[in-house]
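Understanding the architecture of this molecule
Take a look at the letters that make up each chain.
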Amino acid sequence: MSENSKLEPSNFIRNIINDDLKNNKNDGRVHTRFPPEPNGYLHIGHAKSICLNFGLAEDYEGGLCNLRFDDTNPEKEDVEYTDSIQADVKWLGFDWADRLFYASDYFEQLYEYAVILIKDSKAYVDDLSYDEMRALRGTLTEPGKPSPHRDRSVEENLDLFKRMRAGEFVPGERILRAKIDMASPNMNMRDPAIYRIRKVIHHKTGDEWCVYPMYDYTHCISDALEGITHSLCTLEFEDHRPLYDWFLEQLPVKCHPQQIEFARLNLNYTVTSKRKLNELVTEGLVLGWDDPRMPTIVGMRRRGYTPESIRDFCNRIGLTKTDTIIDVGVLENCVREDLDKRTRRVLAVLNPLKVVIENFPEGEVEYLDAPYHPNNPDMGQRSLPFSKEIYIEQDDFMEDPPKKFFRLGPGREVRLRYAYFITCNEIIKNDAGEVIELRCTYDPETKGGNAPDGRKVKGTIHWVSAEHALKTQVRLYDRLFNDPKPDSKKHEKDWKSFINPESISTCDSACLEPSLVDAKTEECFQFERTGYFNVDSKDNFNGKPIFNRTVTLRDSWAKQKNR
RNA sequence: UGGGGUAUGGCCAAGUUGGUUAAGGCACAUGGUUUUGAUCCAUGCAUUCCGAGGUUCGAGUCCUCGUACCCCAGCCA
């Protein structure tokens, strides 16, 4: 028995599919689709759906997953989004092969089906205004009333619908509705709209059409035309399922996919709604869709998340119909885990404090071997230049340290990682009383970090040689919001008031080990003792790479400090 | 009684047709290893499954009655 064989997740959708397979439903096929509307950038919530749909196709023999753009509302959609969505799905590691579709590919077919509905007296053209329609729709507890145009003749409906398509009417003047049941307790069944008039340019079909089909009508038919077996969507469409089924029952389609709903992803300390993300971008609260603080795929990518970590996350959180909020800690843990095994370790001082090694010869440079990964020798090593003047992290020195503080303090000895033991002899302060420099001595016998006399030292800190340091900018990112549920309806304040002012801070005088000059765009590293960082893909700092903090390392010292 | 859903530890979540001690992950705690207070390893962490009744030799799983929360009145998706 192979202990390392990863068990496929068990969830209710897989159970349904397994049953279907057992009963030979759909001839044993599993065919899903990921159907985004191209009206915004993909975010972590979409990743859940992508991993579900494409993941199912990967896991089942012969499984397929289509990418289909649900582009029935030209007013909101744009090629900018169809492009970015494809790039994001690919980046996540999924492949739709030659099955890239657009709902707009089916406009003609959809129109013909609407004609069938009209001929069967299952649809009619209504002249009511938007407000009149709403008034007759009823409420949640009261039934709606039929429109006065509900019983128009087939001929008249056919003529009117043809003229709608021909552009004879103004938007809002006429609408095609399904004739179902105005008294249904399900609002979706109260003669829902099928076609509305919109005289705008469609990103794909241009000005070919001025009537556009609605989602409910389009989605089920598109699924059927593509031979989808399991049409997975989020919970809010549960009420739409009877309508999904109704259309397919009326029409001569070749198959009838099964719609199954699951709970959408909610993450704490962030927002995942296209509308809100859009607002953050357009109001300049973040620097764009790819701002590393954004939960968008492009944002997370720029932040340093790997596709593997996102997929792992999606597999870990499970799939149910329960409305839940996942702790971002789970996501952060996934990147840490992935990055831990794949990144090289380097030394980088974010907030430098100058240290002069008094007994180290002036002008001399010594090169010290340092492995790139303590647990993986295959990653190789590099040489670190060491000299009389170095920088250490400000946080690694305390003038009056508490007992449990293992780092540098007056008279204390610590190890410089892969270098020497040093002892702090003197503190130099500026006029404001701030420590600006430390005078230390090193023990030449401790080269590499071990004392021949066997004496131990409690702390090991990182450092960078002053004259060799790569001085560049490091950007520290943190959670975008400081409230776990910024958009909770229970708050009185606006969700945007919970934006974490410390969600970004920059270190402009960071000193990194020189090997990092060659770091390539999107390359990830672990800065020892501080976190995982990757090279920003857009900006540079006077020609030098800028590093973004993906996530901090676990820090049990910080926990202890706060006790 | 508008309709549709969901309730298993701090956060997720398995639990196929009722059968012994309620998976697993995250978080947390403790101990070990460690030249990252990282990683890694070990151990602990629900006498109980929203509540109350009931059926049964036996119920998280079945029945009844409640409770809480989510979604629906776009010519958005």
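Residues numbered from 1 in each chain as written. Chains lettered and ligands numbered in written order. Predicted model: local features only at pLDDT ≥ 70, side-chain atom pairs only at ≥ 80, totals over all residues. Heavy atoms only, no water.

What follows concerns the pairing of strand β22 (residues 504-512). Inspection of the sheet shows strand β11 (residues 348-349) paired to β22 by two bridges, in the antiparallel sense. Bridge assignment links Ala 348 to a residue of β22, and that residue is Leu 512. The pairing of strand β21 (residues 470-477) with β22 spans seven bridges and is classified as antiparallel. Paired with Leu 470 across the two strands is Leu 512, which belongs to β22. (Pairing = 2+ DSSP bridges. Helix = DSSP H or I, 4+ residues; strand = E, 2+ residues; numbered from the N terminus.)

Reading across the sheet, the three strands line up as β1-β2-β3 and stay open at both edges, with parallel pairing between neighbours. Two strands lie at the open edges of the sheet, namely β1 (31-34) and β3 (100-102), each paired on one side alone. Averaged over all pairs of adjacent strands, the angle between strand axes in this sheet comes to 35 degrees, irrespective of strand direction. Across three bridges, strand β2 (residues 64-69) lies against β3 in parallel orientation. Opposite Phe 69, over in β3, you have Tyr 102 as the bridge partner. This element, helix α3 (residues 79-91), spans β1, β2 and β3 of the sheet and lies at about 160 degrees to β2. (Axes fitted to C-alpha atoms, helices over the stretch in contact; angles between N-to-C directions. Contact = heavy atoms within 4.5 Å.)

In spatial order, the strands read β10-β23-β24-β25-β21-β22-β11; together these seven strands make up an open sheet with mixed pairing. Of all strands in the sheet, those bounded by a partner on one side alone are β10 (344-346) and β11. For β10 and strand β23 (residues 524-527), the ladder comprises three bridges, and the chain directions are parallel. Residue pairing in the sheet places Arg 345 in a bridge with Gln 526 of β23. On the sheet, helix α12 (residues 328-342) packs against β10, β23, β24 (531-541) and β25 (544-552) and is oriented at approximately 125 degrees with respect to β25.

Any functional reading would require information beyond the geometric quantities listed.
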